[in-house]
Every structure is written in C-alpha cells, then in structure tokens.
Amino acid sequence: MRVGIGYDSHRFADGRKLILGGVEVPHSQGLAGHSDADAVAHALTDAIMGAAGLGDIGALFPDTDARWKNADSISLLSQAYRKVTEAGLRFVSADITVIAEQPRIGPYVGEMRRKLAGALSAAAGAVSVKGKSNEGMGWIGNGEGLAVIAVAVLQ
Ligand code: MG
C-alpha cells in the first residue's frame, strides 16, 4: 500500500466559473488559474502522484505550457492516473477536504465523487469529499480563496 497527500489553494477571481471536483458550482466568483483551476482535482492529482513517487502535477502539466490553458482538470487527473498505472499501481481510495467559507459544497459532493472516481476507474464510494468552513479566520475566512487537502491510497 502507498499513501500520498495533496494540497492546493486558489484565489477567487471575477469572471470565472467555479469548478470543483469536475462540477460547476454556482457562485459569484470562480477561481483564478491557468487551467480550469479545479483545486479539488489538483489536490487529488498531487495525492496520487505523491503516493506513486511521481512528483507533482506541475511537473506533468506546467502552467507555462499553453496546452493546459483552461484545461479540464478531470482530464489531467485521468492522464496522471495513467502514469500511476504504468508504474504498476492502482487507485484504492481517497479522502478530500475542501476548506472554503463560501460556497457550501454539500449539494454538489455526490456529483464530485462520481466525476473524480470516474477519472480513476473507481466507484464513487472510493472517493470521499467533505466541506469545511474556516470559521471566518484568515484568508479563507475573508473569502480570498479556498484550499483543498487530499489523501490517496494506492495498491
Ligand atoms: Mg491548482
């Protein structure tokens, strides 16, 4: 068994869609980023790559590369998972915490689990997604952005 952790944070920005776990979540702002800025998919990608000892998402999809401009991060997750399987490992499970003051992600968690698991050839039950507020503290509490922590297990 191999365990990996992933972390990502993005700043909120006007005029962007908010994409989390492959799902468009209705909100007044989206996240700034080179790709679709899906911090959930990015943290999970780092977790599976870390578990496999393959580095991180930036090494595979550099944000200096025009190919990944506005990229669908679920597709990036799927491509990273191909590297993982080539290394002889397969996805077992993941647990993800989204830390954001707004919006509340509860209504969208089921669809996120299906989208993320689908990229990993797994059942939705293998991917847990939970939302937490930051109790109004600091940059997350101020609504400047959000953060995501993901842990993944490979076998
Ligand atoms: Mg990111």
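Just above sits the structure.
Residues numbered from 1 in each chain as written. Predicted model: local features only at pLDDT ≥ 70, side-chain atom pairs only at ≥ 80, totals over all residues. Heavy atoms only, no water.

Visitor: Teacher, can you tell me more about the environment of Gly22 here?
Guide: As for its placement among the helices and strands, Gly22 is situated in the loop between strand E2 (19-20) and strand E3 (23-24). If near-sequence neighbours (up to four positions away) are discounted, Gly22 is found in contact with Asp38, Ile74 and Lys115. (Helix = DSSP H or I, 4+ residues; strand = E, 2+ residues; numbered from the N terminus. Contact = heavy atoms within 4.5 Å.)

Visitor: What is the right way to look at the coordination of the magnesium ion in this model?
Guide: Tetrahedral coordination by four donors sets the ideal angle at the metal to 109.5 degrees; octahedral coordination by six donors sets it to 90 or 180 degrees. Around the magnesium ion, the protein contributes the donor atoms Asp8 (OD), His10 (NE2) and His42 (ND1), which lie 2.1 to 2.2 Å from the metal centre. In primary-sequence terms, the residues that donate to the magnesium ion follow D-x1-H-x31-H. For the pair Asp8 and His10, a shared accessibility class is recorded, and that class is buried. (Donors = N, O, S within 2.8 Å, 3.2 Å for Na, K, Ca; no water. Buried < 20%, exposed > 50% of the residue type's maximum accessible area, 1.4 Å probe, protein only.)

Visitor: What's the story with the pattern of salt bridges in this structure? I'm lost.
Guide: Note on pairing: side chains with opposite charge can pair once their charged atoms come close. If you walk through the whole model with that rule in mind, you get 4 salt bridges. Among the salt bridges present, the one from Lys17 reaches Glu24, with a minimum N-O distance of 4.0 Å. Given the relative accessible area of 48%, Glu24 is considered partly exposed. Between Asp95 and Lys130 there is a salt bridge, with its nearest N and O atoms 2.8 Å apart. Taken together, the positions of Asp95 in strand E5 (residues 91-99) and Lys130 in strand E6 (residues 127-132) put the pair 35 residues apart, joining distant regions of the chain. (Salt bridge = Lys/Arg side-chain N within 4 Å of Asp/Glu carboxyl O.)

Visitor: Please clarify how the pairing of strand E7 (residues 145-154) should be interpreted in this entry.
Guide: A regular strand carries its side chains on alternate faces of the sheet. When you tally the buried positions in E7, you get 8 out of 10 residues, the bulk of the element. Direction of pairing for strand E1 (residues 2-13) relative to E7: antiparallel, over a ladder of 10 bridges. In the strand pairing of E7, Gly6 is matched with Ala150. Here E5 runs beside E7; their pairing, made up of 8 bridges, is antiparallel. Paired with Ala94 across the bridge in E7 is Ala152. (Pairing = 2+ DSSP bridges.)

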